[in-house]
Amino acid sequence: MPTPASTYRLQITKDFTLWDAVEVVPYLQQLGVDWLYLSPLLQAAEGSDHGYDVVDPSRVDVSRGGDAGLAALSEAAHAAGLHILADIVPNHMGVAVPAENPWWWELLSDGKDSWYARAFDVDWNAGDDRVLLPVLGAAEDLQNLELGTDDDGATVLRINGSKYPVARGTYTDGDSPETVHERQHYRLVPWQWEATKLNYRRFFAVSSLAGIRVEDPEVFDRSHAEIIRWVKNGWVDGLRIDHPDGLRDPAQYLARLKAATGGAYLLVEKILEPGEQLPTDWDCEGTTGYDALAVLDRVLVDPAGEAPLTALDTQLRGSVLDYGELIRSTKTEVAQGILNSEIARLARLVLAELAAQPQGDHTEGPPANHVAKPSGTEVTALEPQEVADALIAIVANFAVYRSYLPHGCEELNNAAARAKAHAPEAANAVNVVHQVLLSGGEAGRRFQQTSGMVMAKGVEDCAFFRATRLVSLTEVGADPEQWSQSVDGFHRFMAERQRQRAATMNTLTTHDTKRGEDTRATIITLAEYSTEYAAAVAKLTVLAPLPDGPLANLIWQSVLGSWPASRERLQGYALKAAREAGNSTSWLAPDEQFERALAACIDAVFDNPDVQKVLADLTDAMAAAARSNILSLKLLQLAIPGVPDVYQGSEFVEQSLTDPDNRRPVTYRMLNKSQPLFLQTQRGERELAGLPTDDAKYLITGAALNLRREQPERFANYSPIAATGAVAEHLVGFDRGGVVAMATRLPRTLAKNGGWQDTTVDLPRVHNVFTGAQHWGTAKIADVFGGFPVALLVKESN
């Protein structure tokens, strides 16, 4: 099985097609990339800019280059010595426009009798044997329903520019559209129903993405035939699996996929909470690397900044933030609100399983292959709302995305215990529901598919926009309560990564990160400038007031981290952040007055000279330290155990914000450079120190990627490199076996302490890839760095 030394993520769209990707292969090969990492390629909904809304799994998206484009890219990549990792989406399909999706169209046309009834995860009983489609503005809109014919002459129903199938035998001349509608296997309902009455599984709260049942072998075969063809043709060498937590049985799915692909390299987009481990029975090489991102970021965060920035946060919000209570609250809001239809389906299952249990002593343990239920629990009669409330209490207290029972049963037990401690009056209902979830039945399996949805919407897409003391900490898979990471803790994490998952991915920026890597690296710098930042916020609060202190904190940090972002980008980001936070405005109930104040605040960044001066003064003061953090973060990611992924364009400074900002087109400005920086040697200290940050990051990326691809044996081990001296704690260094990587942390504090001075490090005989200089024995760190905040040292043979 080929395993990548590195990957480079390309977002394949109608504007950057597979044919366009062919053109950048020579550039990426020269950069040192080992594998191309492609966004989803199957036929997606028309106009999709991401590809995660597949409508036809039987073909490559025509607008993205089609079958010929993929064949051409594969040929070009393999000719250049590169491989291809493709992103696939097994959990759901796009159904926004039914006519675009032949699977969905047939389901709506033929209902439960359709083969595709086994493909989509529909609760038919909850819809009286009809699929509920939340597409109407209001129930009265049905009066606008019209009968018509399709291009092939078939009768269809039309409303609001969309068309829906009419089942055979359900229409005769003279029937009204409303009458025909009542005979169909679907029912058009107001969009508000999606929160409470939707009867099909979906991706998170997106009703236009319908869940499919890949646990069914025939559904797996039909939905993956094209993907497996790519692998067997040699076009694709590995697969990245999107959102495995939505699947009924991820371990079963991965085993089936591994077998079908002949053992191809597999990665999963699994979000691991701090300390959580990937299940050992998952047949894959690792995750997409958000766990590493959190550790990499935090080793650069100044611990001394926590107290002052927490004090500023308290001042701005008017109270001390209890983060645990915040996420319990936001997850509860989500479970009672936009995902309540999923809770209602779970409640129906729990009640059905309780009703099916035999009468008598319900405290006996479950069968041996099931997880033990809580001791002393009696099944008592519960009202449906009590069951729903108990489910909400448990899911709101769930500390990870999901369990995979029996793996993770302790997480479910702990969640139930926390739910009872928080609401003792609900203890009986929680006990009963907890017992059912552990019993191995359908309710427990479906609860596992639901808990991750609540986590994603309640935490990532809400709480992360409310917890704003240092917003670089609110990243996918991270816990903002974990302020910083010690160097010793960093080394322990990386040594374990080398032992357990050496082929897992390490990421810094993705199409889903809340902020790009260098936006975060700059915001991290604020932890060393907490006094100056607090003073700047005090001035900005007067100059550009915003009646939401926590959001204002997020806005100012994001402006500083992404500067110089355009007005359009910042306006779009600020509005999305405010609506996601949901404190002062929201998607469903926009507050126009607040949103005008928010827009004025962003406008002041560009129109008010006093605001500009405050921001410029702080940006200028932080510039050197931010540069150091940007370069240190990149070298560490490229050198640690695992497979480094370079998100498109992030070989240069990457200052994106949350989507869609992080999915903007990339200009490959170095495409025609004949002598890249990383192929040059013997740079002097002054030259390195004077390199623009863009060039310096490009130099680091190209040098490290080429080294990893051409000499992978130099990256086969991991041991810490310790410094000796007064400022030793400012070094993060490690030996990978044939390469030593060294990076600077807390650069402002280091400068205040007089720099590296006589602090030393013991080295084997090495040469510095960036300077060409040789070092061995006890060496001064200042000499090793040679004017740079990082060093990449290659061991020389004796």
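Up top is the structure these notes are about.
The model shown is predicted, which means the values in this text are computed figures rather than measured ones. (Residues numbered from 1 in each chain as written. Predicted model: local features only at pLDDT ≥ 70, side-chain atom pairs only at ≥ 80, totals over all residues. Heavy atoms only, no water.)

A. Here's a closer look at the layout of surface pockets. The space that makes up the second largest pocket amounts to roughly 550 Å³. Around the second largest pocket sit 24 residues that line it, and E276, Q277, D291, F493 and R497 are the ones nearest its centre. Going through the elements one at a time, β16 (286-287), α7 (290-298) and α15 (487-500) are the ones with two or more residues in the lining of the second largest pocket. Residue classes in the lining of the second largest pocket are distributed as 6 nonpolar, 11 polar and 7 charged. (1 Å grid on protein atoms, 1.4 Å probe; cavity = no way out; pocket = protein on both sides within 12 Å on 5 of 7 lines; lining within 4 Å. Points joined across faces, edges and corners; volume = space filled by probe spheres on them. Helix = DSSP H or I, 4+ residues; strand = E, 2+ residues; numbered from the N terminus. Nonpolar A, V, L, I, M, F, W, Y, C, P; charged D, E, K, R; others polar.)

B. Representation of the pattern of salt bridges within the structure. Under the definition given, this model contains 55 salt bridges. Between R213 and E215 there is a salt bridge, with the nearest N and O atoms lying 3.4 Å from each other. For R213, a relative accessible area of 25% translates into the label partly exposed. For D758, the salt bridge is made with K780, and the minimal N-O distance between the two is 3.3 Å. Note that D758 is positioned in the loop between α24 (747-752) and β23 (760-768) and K780 in strand β24 (residues 774-780), a separation of 22 residues in sequence. According to the relative accessible area criterion, D758 is exposed, its value standing at 55%. Among the residues examined, K780 registers a relative accessible area of 38% and is labelled partly exposed. Overlapping salt bridges bring together D121, D123, R201, R248, R345, R348, E442, R445 and R446 as one network. (Salt bridge = Lys/Arg side-chain N within 4 Å of Asp/Glu carboxyl O. Buried < 20%, exposed > 50% of the residue type's maximum accessible area, 1.4 Å probe, protein only.)

C. Just the nonpolar core, in detail. Ranked by size, the top nonpolar core spans 169 residues in total, and within it L36, W104, F120, V131, W230, F490 and W556 carry the most contacts. Here the element with the most residues in this core is helix α21 (residues 609-639); it accounts for 13 residues. Within the second largest apolar cluster, 51 residues are counted, among which are L293, A429, A443 and A463. (Core = buried A, V, L, I, M, F, W, Y, C linked by side-chain atoms within 4.5 Å.)

D. Here's a closer look at empty space enclosed by the protein. Applying the stated criterion to the full structure yields 5 cavities of 30 Å³ or more. The volume enclosed by the largest cavity comes to roughly 110 Å³. Residue assignment for the lining of the largest cavity shows that the elements contributing at least two residues are α10 (340-356) and α14 (442-460). Class assignment for the residues of the lining of the largest cavity results in 4 nonpolar, 4 polar and 4 charged. The volume enclosed by the second largest cavity comes to roughly 90 Å³. Taken together, the elements giving at least two residues each to the lining of the second largest cavity come down to β4 (54-60), β6 (92-94) and α5 (217-233). Broken down by element, the residue count for the lining of the second largest cavity peaks at 3 residues, all from α5. Residues that form the lining of the second largest cavity fall into these classes: 9 nonpolar, 3 polar and no charged.

E. Region of the structure containing the sheet that holds strand β10 (residues 162-165). Taking strand neighbours across the sheet as the criterion, the 3 strands line up as β8-β9-β10 in an open arrangement whose pairing is antiparallel. The sheet is open, and its two borders are formed by β8 (146-149) and β10, each paired with just one other strand. Across the sheet, the mean angle from the axis of one strand to that of its neighbour is 40°, orientation sign disregarded. As paired elements, strand β9 (residues 155-159) and β10 share 4 bridges and run antiparallel to each other. The residue of β10 that forms the bridge with R158 is K163. Packing of helix α3 (residues 102-110) onto the sheet brings it into contact with β9 and β10, and relative to β10 it is tilted by some 55°. (Pairing = 2+ DSSP bridges. Axes fitted to C-alpha atoms, helices over the stretch in contact; angles between N-to-C directions. Contact = heavy atoms within 4.5 Å.)

F. View of the packing of aromatic side chains. Enumeration according to the criterion identifies 20 aromatic pairs in this entry. Relative to Y404, the ring of W282 has its centre 5.0 Å away and its plane inclined at 80°; by these criteria the two rings are edge-to-face. Of this pair, W282 sits in the loop between β15 (265-268) and β16 while Y404 sits in the loop between α11 (384-396) and α12 (409-422), and the two are 122 residues apart along the sequence. Judged by relative accessible area, W282 falls into the buried class, the value being 4%. Their ring planes at 15° and their centres at 5.0 Å tell us that F652 and Y698 sit as a pair that is stacked. Taken together, the residues span a long stretch of sequence, with F652 in the loop between β18 (643-647) and α22 (685-690) and Y698 in helix α23 (residues 693-710) at a distance of 46 residues. Given a relative accessible area of 3%, F652 falls into the buried group. An aromatic cluster of at least three residues, connected via ring pairs, comprises Y8, F16, Y27 and Y668. Directly above the ring of F220 sits R256, whose terminal nitrogen or CZ lies 5.7 Å from the centroid. Over the ring of W776 we find R765; its NZ or CZ atom is 4.1 Å from the centre of that ring. (Phe/Tyr/Trp six-rings, centres within 6.5 Å; stacked < 30°, edge-to-face > 60°. Lys NZ or Arg CZ within 6 Å of the ring centre and 35° of its normal.)

G. Quick look at helix α8 (residues 306-317). Between the first and last C-alpha of α8 there are 16 Å, a value that for 12 residues agrees with the 16 Å anticipated at 1.5 Å per step. Of the residues making up α8, those classed as buried are L309, L312, D313, L316 and R317. Buried residues along α8 cover an arc of 120° about the axis, so they all sit on one side. Those residues of α8 that are exposed and aimed more than 90 degrees away from the buried face are A307 and Q315. Close packing links the buried residues of α8 with α17 (530-543) and α18 (549-562). Looking one or two residues beyond α8, the residue adopting positive phi is G318, at roughly 85°. (Expected span 1.5 Å × (residues − 1). Arc of directions from axis to C-beta.)

H. Summary view of the sheet that holds β6. Here 3 strands make up an open sheet; going across it, the order is β6-β13-β12 and the pairing antiparallel. This sheet does not close on itself; its edge strands, each paired only once, are β6 and β12 (202-203). Judged from the 3 bridges that link them, β6 and strand β13 (residues 206-211) form a sheet pairing that is antiparallel. Residue M93 lies in a different strand from β13, and its bridge partner there is A210.

I. Structural detail: the environment of A544. Tracing the sequence through the fold places A544 in the loop between α17 and α18. A C-alpha to C-alpha distance of 9.7 Å links A544 and D610, two positions 66 residues apart in sequence. Ignoring anything within four residues of it in the chain, the contact list for A544 reads W556, C601, A604 and V611.

J. Spatial organisation of the environment of G725. As for its placement among the helices and strands, G725 is situated in the loop between β20 (723-724) and β21 (731-737). Since its relative accessible area comes to 39%, G725 is described here as partly exposed. Between the C-alpha atoms of G725 and A80, which are 645 residues apart in sequence, the distance is 46 Å.

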